[in-house]
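Structure at a glance
Spelled out from the first residue to the last, the chains are:
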Amino acid sequence: MILTLTLNPSVDRTVFVDALPRGAVIRSRRGWSEPSGKGVNVALALHRHGVPATAVLPVGGQVGGQLSEMLGRAELPVRQVAIQGEIRSNISLVEPDGTVTKVNEPGPVLRADETEALVRTVLDNLADVAWLACCGSLPDGVPVEVYARLARAARDRGVRVAVDTSGEPLWASLAGRPDLVKPNAHELAHLVGRPLRTLGDVVDAAREVRGLGAEAVLASLGPDGALLVDADEALHAEATVARMVSAVGAGDAALAGFLHGGGRGAAALRTAVAWGTAAVQHEGTLFSAVDPDQAVLLRSDFDRARRLRDADAVPGHEGRSDPPG
Ligand SMILES: Nc1ncnc2c1ncn2[C@@H]1O[C@H](COP(=O)(O)OP(=O)(O)OP(=O)(O)O)[C@@H](O)[C@H]1O
Ligand SMILES: O=P(O)(O)OC[C@@]1(O)O[C@H](CO)[C@@H](O)[C@@H]1O
C-alpha cells in the first residue's frame, strides 16, 4: 500500500485558451475541474492503475467540500482531516502548443492542532504501507520541518519515504533522510544554488543532495526524461512523446510510476518515465492508461555533456551553506 500526504491540496481548474494576451478579456474554448494537489495526483494515478493507495489531506470550506465529493466519485480511499480554512483552487491556462501558465493559490492557514491532526492521521495509517509520499507545498502555519519529522517517524516503522516538494520544505526534508526526493530541474538547481545546464550537472547536483541526506534522487527533467541517482549508479531514461498536450501533473505521474515500479533502480525509473510520458499526452493532471508498448530508452552510459533542452534551470539565490535541519 502507498500512503500519500497532501497538506495543501486543491481543486485544479484547467482552461484552454487560443492565446494569452496580458490585460485582455480572453474567451476560453473549454475547461474543467479536477481534484488535485501533488499527493492527491500520485494517489489517483496509482488507484487508476489498480495499485492500492490512500490519500491523507485536509478539507475545509466550499472548495474542500467539492474536493471531497470529487474524490468520492473517483472512489479513492482517503483520510480527510477537517480544517477551518478554505482549500485552494489552482488554475492552469493551456495554449494550443501545450504551454501552460499556472496560478497556484497559497491555500489555507493551518492551525497547530490541525497540522498535528494531519501528522497523527499519517502515523495512525502506516500499517501495511510500503511507501509514504509527502507531496507538495506547505500551507502557512505548517512548520517547515514537517516532512523531516514524518520521514523519521515512518522510517522507525519500516516505511520508506518519498518527498516531492520545493524550496525550503525540500531543503528541510533532507534532515529526515528521506529514501527518495523527486525534484524537477528547477527545484534541484534551486536546492544546490547553481544553474544546471547538462545531464552531468544534474548528476553532480543529485550527488550533492544525497550527501545532504536523501538516499536517492529522482530528477525529472521534462523533455529530457529523468535521472535516477542512488548509492549504486546514475541512470538516465527518456521516451519520445507523440503528442505533447499538457505537462501539469507529469511529475506526480512519474513519482507514482516510480513507486509502482518498485521504488528503486532501473525498473522503477523506466516505469516513472513511461507514466510521465503518458501524463503529458493527456489533458489535465490525470491520465487513465499507460501505453504498455511505450519505448523508454534507459542507459547508464549517457552523454553527461548533453545540454538540457529546458536549460534555464537557474536558481534565484546563491545556494546554501547551512546544513538542513
Ligand atoms: N515536454 C516533455 N516531453 C517529453 N516528456 C516529458 C515532457 N515533460 C514532461 N515529460 C515526462 O514527464 C516526467 C515529469 O515531468 P517534469 O519533469 O515536467 O515534472 P514536474 O516539473 O515535477 O511536473 P509537475 O510539477 O507539473 O507535476 C519527465 O520525467 C518526462 O518523462
Ligand atoms: O503548490 P504546490 O503544492 O507545489 O503544487 C500544486 C500543483 O501545482 O501540483 C500539481 C502538479 O504537480 C497540480 O495539480 C497542483 O495544482
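Our structure is the block above this text.
Residues numbered from 1 in each chain as written. Chains lettered and ligands numbered in written order. Predicted model: local features only at pLDDT ≥ 70, side-chain atom pairs only at ≥ 80, totals over all residues. Heavy atoms only, no water.

**Description of the pattern of salt bridges**
The following threshold applies: The salt bridge criterion pairs a side-chain nitrogen of Lys or Arg with a carboxyl oxygen of Asp or Glu, the two atoms within 4 Å. Runs of E in the DSSP output that reach at least two residues are strands. Runs of H or I that reach at least four are helices, and both are numbered from the N terminus. Accessible area is worked out with a 1.4 Å probe on protein chains only. A residue is then buried under 20% of its type maximum, exposed over 50%, and partly exposed in between.
In this structure the tally under the stated criterion is 14 salt bridges. As a salt-bridge pair, arginine 111 and aspartate 113 come within 2.9 Å of each other at their nearest N and O atoms. Among the salt bridges present, the one from arginine 306 reaches aspartate 224, with a minimum N-O distance of 2.9 Å. Taken together, the residues span a long stretch of sequence, with arginine 306 in the segment after β14 (296-299) and aspartate 224 in the loop between β11 (216-220) and β12 (226-229) at a distance of 82 residues. Given the relative accessible area of 1%, aspartate 224 is considered buried. The network of salt bridges with shared partners includes Asp224, Glu238, Arg306 and Arg309.

**Overview of the side chain of glutamate 114**
Put simply, the rule reads: Two N or O atoms form a polar contact when they lie within 3.5 Å of each other; inside protein one atom must be a possible hydrogen donor and the other a possible acceptor, and for residues adjacent in sequence the pair counts only when both atoms belong to side chains. It only takes one pair of heavy atoms within 4.5 Å for two residues to be counted as in contact.
Within the fold, glutamate 114 resides in helix α3 (residues 112-124). A polar contact is formed between the side chain of glutamate 114 and the backbone nitrogen of arginine 111, at a distance of 2.9 Å. Once residues lying within four places of it in the same chain are set aside, the contact partners of glutamate 114 are Val81, Ile83, Gln84 and Val109.

**As for the sheet that holds strand β13 (residues 234-239)**
Inclusion rule: Think of it this way: DSSP has to see at least two bridges between two strands before they count as a pair. Lines fitted to the C-alpha atoms define the axes, with helices restricted to the stretch that makes contact. Angles between their N-to-C directions range from 0 to 180 degrees.
Ordered in space as β5-β4-β1-β8-β9-β10-β11-β12-β13-β14, the 10 strands form an open sheet in which the pairing is mixed. Whereas interior strands pair on both sides, the edge strands pair on one side only; in this sheet they are β5 (78-82) and β14. As judged from the four bridges shared by β11 and β12, these two strands associate in the antiparallel manner. Bridge pairing in β12 places leucine 218 opposite leucine 228. The strands that helix α1 (residues 38-48) touches are β1 (2-5), β4 (53-59), β8 (131-135) and β9 (160-164); relative to β1, the one it contacts most, it runs at about 155°.

**Examining the layout of surface pockets**
Let me state the cut-off plainly: Throughout, the protein atoms alone are placed on a 1 Å grid, and a set of points is a cavity if a 1.4 Å probe fits but cannot get out or a pocket if it is open with protein on both sides within 12 Å along at least five of seven lines; lining residues have an atom within 4 Å of a point. Grid points are joined across faces, edges and corners, and a volume is the space filled by probe spheres set on the points.
Its boundaries defined by the atoms lining it, the second largest pocket holds a volume of some 160 Å³. As for the second largest pocket, its lining consists of 14 residues, and the residues nearest its centre are Asp179, Glu215, Ala216, Asp230 and Arg264.

**Some remarks on the site of ligand 2**
Note the following rule: Near residues are defined by distance, with any heavy atom within 4 Å of the molecule or strand qualifying the residue. For every accessible area listed, the method is Shrake-Rupley and the probe measures 1.4 Å; residues are considered covered only by the protein chains on display. Gly is placed with the polar residues, together with every amino acid not listed as nonpolar (Ala, Val, Leu, Ile, Met, Phe, Trp, Tyr, Cys and Pro) or charged (Asp, Glu, Lys and Arg). The split into domains, and so the bounds of each, comes from an automatic or database assignment of domains.
Neighbouring residues of ligand 2: 15 residues in total, closest Asp12, Ser36, Lys102, Ser137 and Asp252. Contact distances for ligand 2 include 2.9 Å between an oxygen atom and a side-chain N or O atom of asparagine 90. About the coverage of ligand 2: the protein hides 89% of its 400 Å² of free accessible area. Of all the elements in the fold, those that place two or more residues in the shell around ligand 2 are β2 (10-16), α1 and β6 (88-94). Grouping the constituent residues of the shell around ligand 2 by class yields no nonpolar, 10 polar and five charged. When residues of the shell around ligand 2 are sorted by domain, at least three fall in each of domain 1 (1-9 + 30-86 + 110-176) and domain 2 (179-314).

**A look at helix α2 (residues 61-73)**
What counts is decided by this rule: One fewer than the residue count of a helix, multiplied by 1.5 Å, yields its expected span. Note that the arc is computed from the directions linking the helix axis to the C-beta atoms.
Along its 13 residues, α2 runs 19 Å from first to last C-alpha, staying within 8% of the 18 Å computed at 1.5 Å per residue. Here α2 has its buried residues at Val63, Gly64, Leu67, Met70 and Leu71. The buried residues of α2 occupy an angular sector of 125° when the element is viewed end-on, so they sit on one face. Every exposed residue of α2 that faces more than 90 degrees away from the buried side is listed here: Gln62, Glu69 and Arg73. If you follow the buried residues of α2, they end up packed against β2, β3 (30-36), α1, β4, β5 and β6. Downstream of α2 by one or two residues, glutamate 75 has phi in the positive range, about 60°.

Any functional reading would require information that these geometric values do not contain.
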